[in-house]
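Single-letter residue listing:
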Amino acid sequence: MTTRLTVAQALVRFLTAQHTERDGERRRLIGATWGIFGHGNVAGIGQALVEYAGVMPYHQGRNEQSMVHAAVGYARQCGRLATHAVTTSIGPGATNLVTGAALATVNHLPVLLLPGDVFATRPADPVLQQLEVPYAGDVSVNDTLRPVSRYFDRITRPEQLIPSALAAMRVLTDPVETGAVTLALPQDVQAEAYDWPEEFFAERVWSVRRPGPDPAELARAAAAVRAARRPLLVAGGGIRHSRAQAALAAFAEATGIPVASTQAGKGALRYDHPRDVGGIGHTGTATADELARTADLVIGVGTRFTDFTTASGTLFQHPDVRFLHLNIAPHDAHKLAALPLVADARTGLEELTGALASYKTDGAYTAEYTAAKERWERRVDACFASPDPDARPTQPQVLGALDALVDESDIVINAAGSLPGDLHKLWRARSRDQYHLEYGYSCMGYEIPAALGVKLAAPEREVWALVGDGTYLMMPTEIVTAVQEGVAIKVLLVQNHGYASIGGLSAAVGGERFGTAYRFRTQEGTYTGAPLPVDLAANAASLGMRVLRAGSVRELRAALAEARAADTPTCVYVETETSDTVSGAPEAQAWWDVPVAASATRTPAVTAREQYERHVSTRRRHL
């Protein structure tokens, strides 16, 4: 039996019948579709969404990149068991997807992209917005999505949709392969009718597997742990994706091994868990980084060991340090010449805990990191403290005011600027999913649309998007969507008049903060004049958001409390104290490699190069 539908109608109907299942939990894979319509998708996917409006929810976006961010936020909050689709027209609508697709793929988060494409039948060539490629007739701007997609196909005939759609679902639900999936849809093919087999629309359940470790690998891993005197576990985002937080806590409690966390892994243990020692790497705590420098065994669980985590290869300094990597992806499990333990994070931790029965770290080691953590917590208290409640707050004091207000149900979202470093060092994560940092791609503009996606996935939670002025100016557009949909996200907008993070980095590498401040150009040609008279609070209000201005610590506390209680999208706007004389977050506890000019005439660059060469000399290749 067959049913005659357009390609677009068949695809939308197919998507409504796809589900995931893990640990007995079953949910719909594609929860909704985001879209901005143009001539490349309005008559195809647009019409199909009208046909199936009763079963496929639709969200109207304002920017194609931000729609992907919203879908990714939704997917992460759903533990990668559900995501959204994103449809665009051809041309700029399609190429605007590239940044969001890269973010999804870098972070191993599923999202389905459905960009329109030029005519497959080529009745007119070129069509509006078509990029002509003289050497190839089968290339369009959508090919820019190939390197940032985990699966890509262009549907040039109706019958091609059947195997391609099934392959797309397989990749979206594969914990190793998942990321952005792109089905490019020529606009004529979208509207073409075909007789589809009814079996194509049957309900399908995609099982998200939990592979266990190989017995030989498990035995070698257990032997390595037993031989270690100063083991350290590094918790990555894979723990969150696997919902392995309880297994991690059981492992740490049974063995006494301290747990440091990457940006993606922070919150895997609550901040007050006895084994939690905070963030690791360039933005980490002194406690975790000192343990890393002296660790003889580093146990990575669900982490990719990026340069921020390894301090660009300078952090792990024990002469005999070895690595054990528990990761579901073999590619990651073998990094740093590690003993691989290829398995799902939860399953692997449970089996490794069992294999280490009766193993426990030395009591002196436990006392050492416990005391170090207590010292660090006192530093956090000092950063959060506000001696003068009527003064303008520093950025750490802004975080301290929020920290004092939230409970474990709140979710805090950030991605770029100086906030990730302060949050990684200072934030006290209270639940397994409170801390939502996108730091794999560190994409400015992610926070507001991601907050929208997270709130759609968890409407009962309070969701905070923490953004600086630079990030806000990149992509505030989905405020309009939040207002339109009545999604009560909270935006904490921190104004420090420029790219504060890069300004600090520029100063450190001899760039003298060139081009990083939002200030008027002076007669000398530098941007060192008065701050620009840009009123971001008024801008947010003009987009329909309720805005609360805070000029002091006291006003900030009141505004945050009022925002948290609000049932409409609300923004708290605060200017921070940026003077060098004001106490800020602790400096970086580990290095990060940003190459410095090898020859220069200006003193800051010459000095920075000397310091750079000293750091580079400590780099190790772990073989």
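Higher on the page you've got the structure.
Anyway, here's the lowdown on the structure attached to this text. Starting afresh in each chain, residues are numbered from 1 along the sequence in its written order. The predicted nature of this model means local features are confined to residues of pLDDT at least 70 and side-chain atom pairs, given and counted, to a pLDDT of 80 or more, with totals for whole chains, interfaces and linings taken over all residues. As a rule here, side-chain values come from all non-hydrogen atoms in the structure, and water together with hydrogens is ignored.

A closer look at the sheet that holds strand 16 (residues 322-327)
Argument step 1. Pairs of strands are assigned from DSSP output, requiring at least two bridges between the strands. Helix and strand definitions here come from DSSP, where helices need a minimum of 4 consecutive H or I residues and strands a minimum of 2 consecutive E residues; each element is numbered from the N-terminal end. As summarised here, the arrangement of the six strands in space is 14-13-12-15-16-17, forming an open sheet in which the pairing is parallel. Each edge of the open sheet carries a strand with a single partner, namely strand 14 (276-279) and strand 17 (339-342). In this sheet, neighbouring strand axes are inclined to one another by 20° on average, regardless of whether the strands run parallel or antiparallel.
Argument step 2. Inspection of the sheet shows strand 12 (residues 231-235) paired to strand 13 (residues 259-261) by three bridges, in the parallel sense. Opposite V234, over in strand 13, you have A260 as the bridge partner.
Argument step 3. Together, strand 12, strand 13 and strand 14 form the strand contacts of helix 11 (residues 286-294), whose direction differs from that of strand 14 by roughly 100°. Only the stretch in contact is used when a helix axis is fitted, and all axes are lines through C-alpha atoms; the angle between N-to-C directions ranges over 0 to 180 degrees. Should any heavy atoms of two residues lie within 4.5 Å, those residues are considered in contact.

Quick notes on the pattern of salt bridges
Argument step 1. Any carboxyl oxygen of Asp or Glu that lies within 4 Å of a side-chain nitrogen of Lys or Arg is treated as forming a salt bridge with it. Under the criterion given, the structure shown has 33 salt bridges.
Argument step 2. With its nearest N and O atoms 2.9 Å apart, the salt bridge here joins R270 to D272.
Argument step 3. Here the term buried applies to any residue with accessible area under 20% of the maximum for its type, exposed to any over 50%, and partly exposed to those in between, with areas from a 1.4 Å probe on protein chains only. Classification of R270 by relative accessible area gives partly exposed; the value is 33%.
Argument step 4. Given the relative accessible area of 41%, D272 is considered partly exposed.
Argument step 5. Across the salt bridge formed by R293 and E290, the nearest N and O atoms sit 2.7 Å from each other. With a gap of three residues between them, R293 and E290 both fall in helix 11, about one helical turn apart.
Argument step 6. On the accessibility criterion, R293 (25% relative accessible area) is partly exposed.
Argument step 7. A residue is classified by how much of its surface remains accessible, and E290, at 46% relative accessible area, is partly exposed.
Argument step 8. Residues joined by salt bridges that share partners form a network here, namely D23, R210, D344, R346 and E350.

Focus on the packing of aromatic side chains
Argument step 1. Any two rings among Phe, Tyr and Trp, with Trp reduced to its six-membered ring, count as a pair given centres within 6.5 Å; such a pair is stacked if its planes are under 30 degrees apart, edge-to-face if over 60, and tilted if neither. Scanning the model with the defined rule gives 13 aromatic pairs in all.
Argument step 2. With a centroid separation of 4.6 Å and an interplanar angle of 10°, the aromatic rings of F14 and F200 are classed as stacked. Of this pair, F14 sits in helix 1 (residues 7-15) while F200 sits in the loop between strand 10 (193-197) and strand 11 (204-207); the two residues are 186 residues apart in sequence, bridging distant segments of the chain.
Argument step 3. Classification of F14 by relative accessible area gives buried; the value is 0%.
Argument step 4. Here F200 falls in the buried class, since its relative accessible area comes to 3%.
Argument step 5. Clustering of aromatic rings is evident, with ring pairs tying together F14, Y194, W196, F200 and F201.
Argument step 6. We count a charge as sitting over a ring when the NZ of a lysine or the CZ of an arginine lies within 6 Å of the ring centre and within 35 degrees of the ring normal. Here R13 stacks its cationic end above the ring of F201, 4.2 Å away from the centre of that ring.

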